[in-house]
Amino acid sequence: MPMATKADKPKTFDEKVETLHTRFKADFSDMDEVTSDMLMNYCVVCVQIEELNEIIRAEGYLVEDSKGIPREHPCINTAHKLTADKARYFTALKRILNKQEDESADDIDEFLGL
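Worth saying up front: this structure is predicted, and the values here are computed from it rather than measured. (Residues numbered from 1 in each chain as written. Predicted model: local features only at pLDDT ≥ 70, side-chain atom pairs only at ≥ 80, totals over all residues. Heavy atoms only, no water.)

### Brief notes about the pattern of salt bridges
One pass over the full model with this rule turns up 4 salt bridges. A salt bridge links Arg71 to Asp65; the nearest nitrogen and oxygen atoms lie 3.1 Å apart. By relative accessible area, which is 43% here, Arg71 ends up partly exposed. Residue classification places Asp65 among the partly exposed positions, given a relative accessible area of 25%. One salt-bridge network, in which partners are shared between bridges, spans Lys16, Glu50 and Glu51. (Salt bridge = Lys/Arg side-chain N within 4 Å of Asp/Glu carboxyl O. Buried < 20%, exposed > 50% of the residue type's maximum accessible area, 1.4 Å probe, protein only.)

Put into structure tokens, the structure is as follows:
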């Protein structure tokens, strides 16, 4: 698959979520409503983390509070919490994939870099 150019990348939050959801959904051979909802939540969390990391990169790890004192960027704490949520969703989704005994389970690990 050719690398996407910056112009090809989804622009809105919802587009990013839908792109991930569509990509991951193909790995499931049997998608019930509960699994689909869980996968959608996983994708939302992934995009939230990505956007928080973009903010942190743009604004810096330390930001000044209202008194001008440098503090850890508030997005960092939120990103940590979302990462824990992501891990919980991933574990449940991975379990479902394994139950389906689908060879594509390795593809999702490869995509996620696990």
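After that view of the structure, there is still more to cover.
### Examining a negative patch on the surface
On the surface, Asp30, Asp32, Glu33 and Asp37 cluster together to form a negatively charged patch. Locating Glu33 in the fold gives a position in helix 2 (residues 33–59). (Patch = residues over 30% accessible without salt bridge, like charges linked within 9 Å, V, L, I, M, F, W, Y side chains within 5 Å. Areas by Shrake-Rupley, 256 points an atom, 1.4 Å probe, with all protein chains shown as cover. Lys, Arg positive; Asp, Glu negative; His and termini not counted. Charge placed at Lys NZ, Arg CZ, Asp CG, Glu CD. Helix = DSSP H or I, 4+ residues; strand = E, 2+ residues; numbered from the N terminus.)

### Topic: the nonpolar core
Judged by nonpolar contacts, the single largest core of 14 residues is most densely connected at Leu20, Phe24, Phe28, Leu39, Tyr42, Cys43 and Leu93. Elements represented by at least two residues in this core include exactly helix 1 (13–25), helix 2 and helix 3 (74–100). With 6 residues, helix 2 is the single largest residue contributor to this core. Beyond its immediate chain neighbours, meaning those up to four positions away, Cys43 contacts Val17, Leu20, His21 and Phe24. By size, the runner-up hydrophobic cluster in this structure holds 8 residues, among which are Val45, Ile49, Ile56 and Cys75. (Core = buried A, V, L, I, M, F, W, Y, C linked by side-chain atoms within 4.5 Å. Contact = heavy atoms within 4.5 Å.)

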